[in-house]
Amino acid sequence: MLNQKSSLTRRGALAACAGAGALGITGCGQGREILYAADAQIDGYPTVEAVRFMAARLEELTGGRLKMNIYPGAQLGAEKDTLEITIFGGLDLNRVNIAPLNSIARETFIPALPFLFKSIPHARAAMDGAPGQAILDALEPHGLIGLCYYDSGARSFYNARRPIHEPDDMKGLKIRVQNSDLYVSLVEALGANATPMPYGEIYTGITQGVIDGAENNWPSYFTSRHFEVARYYTLNQHVLAPEVLVMSAHRWNRLNDDDKQAVRQAARESVPFMRSLWDALVDEARETVVASGVEVVEDVDKSLFAARMAPVWDRFISTPKMQSIVDDILSMEEAGA
Ligand code: GTR
């Protein structure tokens, strides 16, 4: 764990390197170029390991010229803040959930629409295909290059108060959400109170009663240790939105064409690697959490949650372009994706 002093020193180093890059001075790090990457998840989490895998491939593909330094565990700040830094060019790469991108490009609302994807294969096919690419492309005018998606499974509600069997059980609960209007709407649609808050503050928030619970996938619920303090988990699976790896357009625009291709290739190759780690961690998380005695509500009528959350679709699909991406995603499911 970094203390505040070393964290500040590291920030200073980052700023100096970014500044050097902006002046066209390469080789911040003995003749090599270093790309700085952030992740809010802890070291060892599949997204962090995937970016490490990418770093190794990038080094190989560029004959050791492009290296990466990866800072996991929100050492450089919460996702919302590191994204701003990435847009300004103070960070080169950032692995984030799609939710904090919602306030940057509205197309990113699409994968977070409740009950959009019918299955994990459907979500993977849509994100790997044309709809996913259209959403990544929408980031570019906002200073971010979308490189690839990683899995994030299904998000479900957990809390410290009571088991949730149906939407009405959510009434009055204070539920932490990511920094996204869509997530606020999802939770309010169930009659609960939505509290946007950084990921790193949830554990204490629950122990202190500032919030009653949150929502996330099995691996996050497990690795964040939220399951220790929020002992009711309901598999209502309202959102199957992915993680995203983005690069600062400032840095991207200074790469030559070969290096751009190497970055894209290394990112692409890290996706199947991430998914194999992910699938294994989902199983491990579920087993460990269940063994710890958490009350898991599996028998839940998802259609009741879907019906309550349905108005969110109309509210957040705000352009014909967005509607057409949504239609493409839905047709992929019909085609048996
Ligand atoms: C996790 C995701 C993190 C972060 C977190 C959250 O599933 O991997 O990047 O977005 O959720 O809820 O803040």
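Conventions and cut-offs
Residues numbered from 1 in each chain as written. Predicted model: local features only at pLDDT ≥ 70, side-chain atom pairs only at ≥ 80, totals over all residues. Heavy atoms only, no water. Near = heavy atom within 4 Å. Polar contact = N/O pair within 3.5 Å; in protein donor to acceptor, adjacent residues only side chain to side chain. Areas by Shrake-Rupley, 256 points an atom, 1.4 Å probe, with all protein chains shown as cover. Nonpolar A, V, L, I, M, F, W, Y, C, P; charged D, E, K, R; others polar. Domains from an automatic or database assignment. Core = buried A, V, L, I, M, F, W, Y, C linked by side-chain atoms within 4.5 Å. Buried < 20%, exposed > 50% of the residue type's maximum accessible area, 1.4 Å probe, protein only. Helix = DSSP H or I, 4+ residues; strand = E, 2+ residues; numbered from the N terminus. Contact = heavy atoms within 4.5 Å. Axes fitted to C-alpha atoms, helices over the stretch in contact; angles between N-to-C directions. Left-handed = near helix turned anticlockwise from the far one by under 90°. Pairing = 2+ DSSP bridges. Right-handed = clockwise from strand over helix to strand, strands pointing away.

If you check an unreviewed UniProt entry, the protein appears there as C4-dicarboxylate ABC transporter from Aquisalinus flavus.

Asks: I keep staring at the site of the ligand and nothing clicks. Help me out?
Replies: Around the ligand lies a shell of 13 residues, among which Q41, E79, R176, N216 and E243 are the nearest. Within the side chain of R95, an N or O atom sits 2.9 Å from an oxygen atom of the ligand. Burial of the ligand by the surrounding chains reaches 98%, relative to a free accessible area of 320 Å². When grouped by side-chain class, the residues that make up the shell around the ligand number one nonpolar, seven polar and five charged. Counting contributing residues per domain, the shell around the ligand is built from domain 1 (2–104 + 139–149 + 243–271) and domain 2 (155–240 + 283–334), each supplying no fewer than three.

Asks: Would you explain the nonpolar core in this entry?
Replies: Side chains that are nonpolar tend, in soluble globular proteins, to be buried together. L101, I110, F117, M170, L182, Y183 and I329 are the most contacted members of the largest nonpolar core, which has 52 residues in total. It is helix α6 (residues 181–188) that contributes the most residues to this core, five residues altogether. For this core, the two domains that each supply at least three residues are domain 1 (2–104 + 139–149 + 243–271) and domain 2 (155–240 + 283–334). If near-sequence neighbours (up to four positions away) are discounted, I110 is found in contact with L116, I135, M322, I325, V326 and I329. Grouped together as the second largest cluster of nonpolar side chains are 48 residues, L35, A55, L58 and A266 included.

Asks: Where do I start with the packing of helix α2 (residues 46–61) against helix α10 (residues 257–291) in this structure?
Replies: The geometry of a pair of packed helices is captured by two quantities: the angle between their axes and the separation between those axes. At their nearest, the axes of α2 and α10 sit 8 Å apart, and the two run at 145° to each other. In terms of crossing hand, the pair formed by α2 and α10 is right-handed. Contacts between α2 and α10 pair P46, T47, E49, A50, F53, M54, R57, L58 and L61 from the former with A262, V263, Q265, A266, A267, E269, S270, F273, M274, L277, W278 and L281 from the latter. Of the residues that constitute the contact of α2 with α10, the class distribution is 15 nonpolar, three polar and three charged.

Asks: I'm lost on the pairing of strand β7 (residues 193–196) in this one. Help?
Replies: Regular strands place their side chains on alternate faces of the sheet. Strand direction decides the pairing type here: strand β6 (residues 174–177) and β7, joined by four bridges, are parallel. Bridge pairing in β7 places K174 opposite N193. Assessed by its sense of winding, the connection that carries the chain from β6 through α6 to β7 is right-handed.

Asks: I tried to follow the sheet that holds strand β3 (residues 93–97) on my own but got confused; where do I start?
Replies: Consider a sheet: its strands pair through backbone hydrogen bonds, and that pairing is either parallel or antiparallel. In space, the five strands of this open sheet follow the order β2-β1-β3-β10-β4, with mixed pairing throughout. The two strands at the open ends of the sheet, each matched to only one other strand, are β2 (66–71) and β4 (144–150). Ignoring which end each strand starts from, the neighbouring axes of this sheet average 25° apart. This element, helix α5 (residues 130–137), spans β4 and β10 (243–248) of the sheet and lies at about 145° to β4.

Asks: So what exactly am I meant to see when it comes to the environment of T234 here?
Replies: Relative to the assigned elements, T234 resides in strand β9 (residues 232–239). The buried category is assigned to T234, whose relative accessible area is 1%. Separated by 65 residues in the primary sequence, T234 and D299 place their C-alpha atoms 8.5 Å from one another. If near-sequence neighbours (up to four positions away) are discounted, T234 is found in contact with S156, F157, I164, V297 and V300.

Asks: Whenever I open this one, the environment of Y233 confuses me. Can you help?
Replies: Within the element layout of this structure, Y233 appears in strand β9. Residue class for Y233 comes out buried when judged on its relative accessible area of 1%. Those residues in contact with Y233, other than ones at most four positions away along the chain, are A154, S156, F157, Y158, N216, N217, W218, Y221, V294, E295, V296 and V297.

Asks: I would appreciate a short explanation of the side chain of D92 in the present structure.
Replies: Assignment of secondary structure puts D92 in the loop between α3 (79–88) and β3. Since its relative accessible area comes to 7%, D92 is described here as buried. Here the side chain of D92 touches Y36 through a polar contact of 2.8 Å, landing on its backbone nitrogen. Those residues in contact with D92 that lie beyond four places of it in its chain are I34, L35, Y36, T86, V246, M247, S248 and R251.

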